[in-house]
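# Remarks on the overall topology
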Amino acid sequence: MNRKKPKIRSLPDPAFASILLAWFDHSATEMPWRGQRDPYRVWLSEVMLQQTRIAAAESYYRRFLERFPTLQSLAEASLDEVLKLWEGLGYYARARNLHRVAQLIVNEHNGQFPASAEALQTLPGIGRYTAAAIASIAFGEAVAVLDGNVVRVLTRLMDIPDEVSQPAVMNRLWAVASELLSPKRPGDYNQALMDLGRMICTPRRPACQHCPVREFCLAAANGTMEQRPVKKPKAPLPQVRAAAAVIRDQAGRLLLVQRPEHGLLGGLWMLPGGHCLPGESYVECLQRSLMELVGIEIRAGKEMAATSQTLAHFRLRLRAFACELVAGTPTGETRWAWVSSTELSRYSLGKADREILERLEQWQPRLFEEC
DNA sequence: AATCCGGGGAG
DNA sequence: CTCCCAGGATT
């Protein structure tokens, strides 16, 4: 008979790391941040990669590093410029923390990065994963990482049937990750395990035929690969309505306001407006929001553009209305600016606002003619 | 333990 | 359309 008995090598086993590293040495993917150990660059890449695919981060990494080649240059920059470079990448608290940490290290650590995972994790925006990634890659510290890829690989290797968001399960996975780590080449090992999860041990239809560590995999033997990891079902996304005002001054410039530092798209700019309260009309929302934001009374006219967007926790419907300034002039704590067409590209905006502005220019090019 | 925080690519 | 991505902070 040519039927093979599934012979599983049980973990931990020192052979696991050596087999994985041999595969990595043979088939590692080229990435802009690989092949060097500068803590600043490793840190930047790891922060950019938080909840972000490699393909999405690569161009941002190159641009960011070109503008801020050193920790010092980043520390000296304005937050506005950092956010502008981050525009489109999402999770903007990462950019704010990046800027803050750069200043912190330059001013209080003599420009030297903390060199251990434990010390790194005290910095804002650096959690357990990122601290371990930086420490292992830049400093060679023997600490394991646990990201979404590694969770998937480990729950399959061990065929873990438990729901993975539970703290007890995550603690076990961190422990397993540490047991399997190669103390000789921790940085390469960590990246190898993530490469494996990304390229071979994929969420759907994993390429077990090409897996270098299949002989260790219980899920592959049991045929449960696609059922691992077990995740909690997601709640349906609520719908959120939002309104934006298109207001021009006599020169034809648009009024933009800056969002508060914390919260959604914090620190980015937007067309003035906000979320509609329950039962509130778009026009009522605009009148209330403009008064709250910059203390002006407006009259809302016809709808100029609209867009929809799905965020992590809600579906957004944004409608923009041509508005007239009835009374008052912008004031208050919210930063605001009259922005001409040529200046628009210097402001950082979320996707929905950027889309609204594109449609305004497309349908009403004369709107900006006199600028 | 639950929620918030973006945007995009793959299937 | 759904899922998920080199997660972290806050409550």
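Since this is a predicted model, take the numbers as computed values, not measurements. (Residues numbered from 1 in each chain as written. Chains lettered and ligands numbered in written order. Predicted model: local features only at pLDDT ≥ 70, side-chain atom pairs only at ≥ 80, totals over all residues. Heavy atoms only, no water.)

## Some details on the protein's contact with DNA strand B
Put simply, the rule reads: Near, as used in this document, describes a residue that has one of its heavy atoms within 4 Å of the molecule or strand being considered. Polar contacts, as used here, are pairs of N or O atoms within 3.5 Å; protein pairs need one atom able to donate a hydrogen and one able to accept it. Residues neighboring in sequence count only if both atoms are side-chain atoms.
Near DNA strand B there are 20 residues, and of these Tyr91, Pro167, Lys232, Leu265 and Gln309 occur at the shortest range. Take the atoms of DNA strand B that sit within 4 Å of the protein: sugar and phosphate atoms are 55% of them. Note that a base nitrogen of DNA strand B is positioned 3.3 Å from one of the backbone N or O atoms of leucine 89. The separation between a phosphate oxygen of DNA strand B and a polar side-chain atom of glutamine 309 is 2.6 Å.

## Description of empty space enclosed by the protein
Rolled over the atoms, a probe as big as a water molecule pinpoints where empty space is left. The line we're drawing: Every definition here rests on a 1 Å grid over the protein atoms only: cavities are sets of points where a 1.4 Å probe fits but cannot get out, pockets are open sets enclosed by protein on both sides within 12 Å along at least five of seven lines, and lining residues have some atom within 4 Å of a point. Grid points are joined across faces, edges and corners, and a volume is the space filled by probe spheres set on the points. Amino acids are sorted into nonpolar (Ala, Val, Leu, Ile, Met, Phe, Trp, Tyr, Cys and Pro), charged (Asp, Glu, Lys and Arg) and polar (every other residue, Gly among them).
For the structure on display, the rule yields one cavity of 30 Å³ or more. In this structure, the largest cavity occupies an estimated 110 Å³ of space. Every residue lining the largest cavity is counted, 14 residues in all, and those nearest its centre are Arg156, Cys201, Cys208, Cys211 and Cys217. When grouped by side-chain class, the residues that make up the lining of the largest cavity number twelve nonpolar, no polar and two charged.

## A word on the domain arrangement of chain A
The condition that has to hold: For every domain, the bounds stem from an assignment made automatically or drawn from a database. By definition in these notes, contact holds between two residues if any of their heavy atoms fall within 4.5 Å. Joining two parts hides part of their accessible area as seen by a 1.4 Å probe, and the buried area is that hidden amount summed over both.
Along its sequence, chain A is organised into domain 1 (14-227) and domain 2 (239-368). Using C-alpha coordinates to define each centre, domain 1 is positioned 37 Å away from domain 2. Opposite the seven residues of domain 1 that make contact, domain 2 presents 16 residues. Counting the surface lost from both domain 1 and domain 2, the interface buries some 840 Å², and carbon and sulfur atoms represent 46% of this. Among the residues domain 1 hides against domain 2, the three largest losses belong to Lys84, Tyr92 and Arg96. Together they make up 51% of the total.

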